[in-house]
Amino acid sequence: MVNFEYANPTTVKEALSLLTAGAEILAGGTDLLSLIKDDVHQPKRLVNIKGIKTLGGISKIGNNFRIGPTVTLDELASNPLIRGAFPALVQASLGITSPQIRNMGTVGGDLCQRPRCWYFRTGNGLLAKGLVENGENKYHAIFGTGAAHFVSASSLGPALMALGATLKIASPDGKTKDVPVAQFFKAPSAEGEREIALAANEIVTDILIPTPPTKNATYEVRHRQAVDWPLATASVSLRMSGTKVTAASITMGHVGPTPIRAIEAEKMLIGQTITPDSAEKAGAAAVLGAKPLSQNAYKMQLAKVAVKRALLTAAGVKTV
Amino acid sequence: MAEYKWPPMEQRKLMGKRIARLDGPMKSSGRAKYPSDMNQPGLLFAVLLTSPHAHAKVKSIDVAPAKAIKGVTAVRVISGPGTEIQWAGTEVAAVSAVTEEIARDAAKAIVVEYEVLTHLVKEDNLAKVGPRAKAAGEQITGDPDKAFQDSEAKISGDYGIPVITHCCLEPHGSVVAWGNDKIDFWPSTQAVSTVGGDLAKLLELPATQVKVDCQYMGGGFGSKFPADRWGAEAARLSKESGGRPVKLFLDRATELTIAGVRPSHFAKIKVAGKKDGTMTGWQSESWASGGIGGGGMAPLPYVFTNIPNRRMNHTQVSLNAGPARAWRAPNHPQASFLTCSAISDFAAEIGMDPYDVFLKNLDLTLRADTYRKQLVKGAELIDWKKKFQLGSAKTGNIRRGLGIGIATWGGAGHASKCRLTIHPDGTVEVEIGSQDIGTATRTCITQVAAETLGLPMSAVKVKLGNNSYPPSGPSGGSTTIGGVSSSTRKAAVNALEKLLEKVAPGMGVPPDQLEANDSRIVAKGNPNKAMSWKQACQKMGPTAISEMGENEPRSAAREGLNTQGASGIQMAEVEVDMETGVVRIVEVVAVQDCGLVVNPRTAESQVAGALIMSVCSALMEERIMDQTTGRVLNADMEFYKLAGLPDVGKLTVHMDITKEHDSRGIIGLGEPCAIGGVAAIANAAANALGVRVPMVPLTPERVLAALANRRNA
Ligand SMILES: Cc1cc2nc3c(=O)[nH]c(=O)nc-3n(C[C@H](O)[C@H](O)[C@H](O)COP(=O)(O)OP(=O)(O)OC[C@H]3O[C@@H](n4cnc5c(N)ncnc54)[C@H](O)[C@@H]3O)c2cc1C
Ligand code: SF4
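Residues numbered from 1 in each chain as written. Chains lettered and ligands numbered in written order. Predicted model: local features only at pLDDT ≥ 70, side-chain atom pairs only at ≥ 80, totals over all residues. Heavy atoms only, no water.

Student: Whenever I open this one, the pairing of strand S2 (residues 23-26) of chain A confuses me. Can you help?
Tutor: If a strand is regular, its side chains alternate between the two faces of the sheet. Residues and elements named next belong to chain A. Across 4 bridges, S2 lies against strand S3 (residues 45-48) in parallel orientation. Along S3, the bridge assignment pairs Ala-23 with Arg-45. Once you follow S2 into helix H2 (residues 32-37) and on to S3, the crossover reads as right-handed. (Pairing = 2+ DSSP bridges. Helix = DSSP H or I, 4+ residues; strand = E, 2+ residues; numbered from the N terminus. Right-handed = clockwise from strand over helix to strand, strands pointing away.)

Student: What exactly am I supposed to notice about the interface of chain B and chain A here?
Tutor: Facing 33 residues of chain B, the contacting portion of chain A comprises 28 residues. Note that Glu-579 of chain B and Arg-309 of chain A form a salt bridge whose closest N and O atoms lie 2.7 Å from each other. Seen at the junction of chain B and chain A, the total is 17 residue pairs in polar contact (both at pLDDT 80 or more). Broken down by element, the residue count for the side of chain B that touches chain A peaks at 3 residues, all from helix H20 (residues 700-712) of chain B. Partitioning the side of chain B that touches chain A into residue classes produces 14 nonpolar, 6 polar and 13 charged. (Contact = heavy atoms within 4.5 Å. Salt bridge = Lys/Arg side-chain N within 4 Å of Asp/Glu carboxyl O. Polar contact = N/O pair within 3.5 Å; in protein donor to acceptor, adjacent residues only side chain to side chain. Nonpolar A, V, L, I, M, F, W, Y, C, P; charged D, E, K, R; others polar.)

Student: Would you mind showing me how to read the nonpolar core here?
Tutor: Nonpolar side chains tend to gather and get buried jointly when the protein is soluble and globular. Judged by nonpolar contacts, the single largest core of 94 residues is most densely connected at Phe-304, Trp-384, Met-571, Val-574, Ile-681, Leu-689 and Leu-698 of chain B. Among residues more than four places away in sequence, those in contact with Trp-384 of chain B are Asp-353, Pro-354, Tyr-355, Ala-379, Leu-402, Gly-403, Ile-404 and Met-571 of chain B. (Core = buried A, V, L, I, M, F, W, Y, C linked by side-chain atoms within 4.5 Å. Buried < 20%, exposed > 50% of the residue type's maximum accessible area, 1.4 Å probe, protein only.)

Student: Can you help me understand the site of ligand 1 in this one?
Tutor: Residues and elements named next belong to chain A. Lining the immediate surroundings of ligand 1 are 34 residues, of which Ile-25, Gly-29, Thr-106, Asp-110 and Ser-155 lie closest. At 2.8 Å, a backbone N or O of Asp-31 approaches an oxygen atom of ligand 1. Gln-113 is positioned with one of its side-chain polar atoms (N or O) 3.3 Å from a nitrogen atom of ligand 1. In isolation ligand 1 exposes 970 Å². Once the protein is present, 94% of that is buried. Sorting elements by how many residues they give to the shell around ligand 1 places helix H7 (residues 107-112) first, with 4 residues. When the residues that make up the shell around ligand 1 are grouped by side-chain class, the tally is 17 nonpolar, 11 polar and 6 charged. (Near = heavy atom within 4 Å. Areas by Shrake-Rupley, 256 points an atom, 1.4 Å probe, with all protein chains shown as cover.)

Student: Explain the packing of helix H16 (residues 600-619) of chain B against helix H19 (residues 677-689) of chain B here, please?
Tutor: Each pair of packed helices gets described by two things: the angle between the helix axes and the distance between those axes. All names here are of chain B. Running from N to C, H16 and H19 cross one another at 50°; their axes reach a closest spacing of 8 Å. The angle between H16 and H19 falls in the class oblique. Considering the relative orientation of H16 and H19, their crossing is right-handed. Within the contact between the two elements, H16 uses Ser-614, Val-615, Ser-617, Ala-618 and Leu-619 and H19 uses Gly-677, Val-678 and Ile-681. Among the residues forming the contact of H16 with H19, the class breakdown is 5 nonpolar, 3 polar and no charged. (Axes fitted to C-alpha atoms, helices over the stretch in contact; angles between N-to-C directions. Parallel < 35°, antiparallel > 145°, perpendicular 65-115°, else oblique. Left-handed = near helix turned anticlockwise from the far one by under 90°.)

Student: Would you take a moment to explain a nonpolar patch on the surface for this structure?
Tutor: All names here are of chain A. Taken together, the side chains of Met-1, Phe-4 and Tyr-6 present a nonpolar region at the surface, about 290 Å² in accessible area. Structurally, the position occupied by Tyr-6 is in strand S1 (residues 5-7). The exposure class assigned to Tyr-6 is partly exposed, which follows from its relative accessible area of 48%. (Patch = residues over 30% accessible without salt bridge, like charges linked within 9 Å, V, L, I, M, F, W, Y side chains within 5 Å.)

Student: Even after reading the chapter, I still don't get the domain arrangement of chain B, so can you show me in this structure?
Tutor: Accessible area lost when the parts come together is the quantity often used to give the size of an interface. Residues and elements named next belong to chain B. Considered domain by domain, chain B is made up of domain 1 (9-32 + 416-552), domain 2 (35-118 + 172-249) and domain 3 (322-411 + 564-712). Between the C-alpha centres of domain 2 and domain 3 there is a distance of 38 Å. Taken together, the contacts link 11 residues of domain 2 with 10 residues of domain 3. Regarding the contact of domain 2 and domain 3, the summed buried area is about 750 Å², with carbon and sulfur atoms giving 58% of it. Looking only at domain 2, the three residues that lose the most surface to domain 3 are Pro-52, Trp-87 and Phe-221, adding up to 55% of its buried area. Between Arg-325 and Asp-228 there is a salt bridge, with its nearest N and O atoms 2.7 Å apart. Run the count over domain 2 and domain 3 and you get 4 residue pairs in polar contact (both at pLDDT 80 or more). (Domains from an automatic or database assignment. Buried area = accessible area lost by both parts, 1.4 Å probe.)

Printed below as a string of structure tokens:
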């Protein structure tokens, strides 16, 4: 661990001005601190954004629900607005199992956290050239996008993507931009490229989820019931007319270097009623494009089941 | 000669009673000071630099950059040029500094050049280990070939259990101060009376110079007996830093990499028998590794040692990975898992309930009657006969299953000396160079002393955890409770005898007609002739009575205070999700005998802890090595998975307390209860799934693979 400066701004503007080369944003610190201790990150300055009031809070503004990036995972899961409209988000945050992490970890931090790949975390780089393919890859990606085999760690990412959320990002030039969550996550093709569409000197300031709400749910397959990472998740959001699906959005988590959208499955469901049979078929369609590594073909089955069970949960049908 | 034997069961007032752990409040409120809490004034922090390579030769090492860092007090080379490193994580150098951060920076600044050599870190596939395999020879009894030829039924199965680590919550390490003529050593240890001598030997000092103190310790499970190289280096750093205390505890990654593992065990096992369930033949080809020195060799077949026709072959595999240390019942959990899995598969093959097959074959064990009673009790507790269904008959996406595991262990008391002092003011002190490794040793010693002296628990002060007290053996092999209870009993009887001699003349009763009871000294058969404990002690004059008691293992069985031979059975009910392969525990039941049970409440807690360890090992625990880098990939508590509360399920512990077991005297408990659980859980899963998952832990990928194999078969 190298020594660093610590800054405590109270406005976004001030924070942006502090984000000079080598500086990093600090929110709950649950990810960043371990990266620093393991020498994977070596920031020169940490800019704590938790003192910036405008970055907190959950509200309904016009056609959007707005979640501030410093809202903790616990606040998110216990907020009545979110609980009423977005079970997919509540279920995703409760899957982040440890109460300690939920109390400290933030929504912005969850989206921007680094992958947990054990080769990356022990200093072999994010693409860990050759090590993953020839090594221990049972937790790695089954949806290959070239050189990246890590899985995107965020549990909220797939849920927000299925809900059609957009991130508002502030840049040091004073401008802001809206980036759909679907475009926020990227699969790097060369070592040194980031896995999110965010420059080191930019801040996620708002997470916006469009109304009207849908029938939505997240299902996570996990090994341990106590604190553990998902083996595969699926988040779904369904627009319905009576019992028929008019629009479906399905995103799988922890199976690729980004959340993975299941377009074929979405298409199949239009005009359908959600039943164990239609959900099963959608699950099967969702993993058709998977290309597992040497040890992780089982994750295809898990992703398939996650999609099926998320659909059934959203539609209020018993899952098993 | 004094009469030491235990008071009859029905007359005991404290022993055998459900007494809460005396140091529970100290521990749970954080007031208990563990060695890692010994933050002495002027404390220095030490950090190890370890090898990133699994197999390498140190070519050169330059410590000058570390020495140049302000705040560094000493730097030591541990593996100098020419040293051959045999596993990643090997200690190469150590640094002490005024803060932990400086020590870490300094360790990083040391420049080491290695000549990297080829390594092997995986042994699951025996065909790939090449010259690292060493056959341990064949053992044959009876005529296995004929037994298999003539058998009515037989099975052949592959089974495996990987290396796991001890994963002590308080890592290995110590605080140590090497002053002018003595060393103060606060190690986290299971061996208060021997670890000082061990350190002295490493430092080539007289044993008299090392003072050891360890009042509490955060888990050892068999891995914390020696002073260790890091203990010796911490002492040397202290000396080189002018005698200031140095704290060196392994960090989590190092703890999981070098501080001890339980060897793996793999086997191809064949069982032959009759359609009525009787086993007639056993063949096993097994291999194992516990690091560079090869592997533990599990005693096979386990418990059912008298299967008439047997052939066993074992191969040791040498790996460039952190070395084995004793792990709570060395080799037994593996042996129980391998044997009980094969027996259960044999039962499934002939369409029998495994419970009936275990019962049917008990004559092949050394303690048939005890196991029979225990199996019946376990079955009653888990409601076996009502719930059991053959795996092949189950349907649905969520299925439940039942399984059995079986255990045997020695557990005779170790050599132990105890000094009991009765002061003229009536207070009582027990001094014993033992340790309480979380097993309620303090509480049990207090019970024994208070019981013997007819006093309440609060009247007895037990002092342990220090090598200035009379020596007691290390806490390993489940030997502590037998040893310390017996030596305490004898010291208390001896001291009481002295006290009675002093008060007898005044009471006009011969000493052998007096007894201690209810805080009084009373004439036997005449309760009116009595005086209070306090009054009695005033009669002794100004000098305290101080007597020794000794447990001598060779004569212990004859004296009847402690003995060996603990049996236990465990049963598990699990629930599997057939679509995800996730296995969850519904219940684990343990029926355990350990002779005279000093404290059923803390004994049950001890068994519950063992069951939790079994759940971990059966469902999630595994050291994952990377062949390319030669390193442990999950040397953390994120992917080195241990059960959390929601994973544990219901734990039911039945201590087999009977007059018959009680009359055998005290037997150790720590290990026997940590043996059968993995087998029980693995067998329950096999029953639920209708197919054997060859290897534990039962991760979703292994469960799904086993289901897919069956579909393809
Ligand atoms: C044992 C364990 C289990 C876990 N399990 C899960 C799980 O199952 N699912 C899951 O999703 N997560 C899981 N997590 C991760 C956890 O959710 C994240 O660590 C947490 O959400 C990060 O939030 P933070 O506020 O602490 O972020 P920090 O650690 O403070 O920051 C993380 C990163 O995000 C950046 N950042 C933070 N906020 C912003 C912002 N507003 N704008 C731009 N950049 C920002 C920081 O610069 C840093 O790079 C687990 C973590 C642990 C330790
Ligand atoms: S294990 Fe508990 S105490 Fe230790 S760091 Fe995690 S949350 Fe904190």
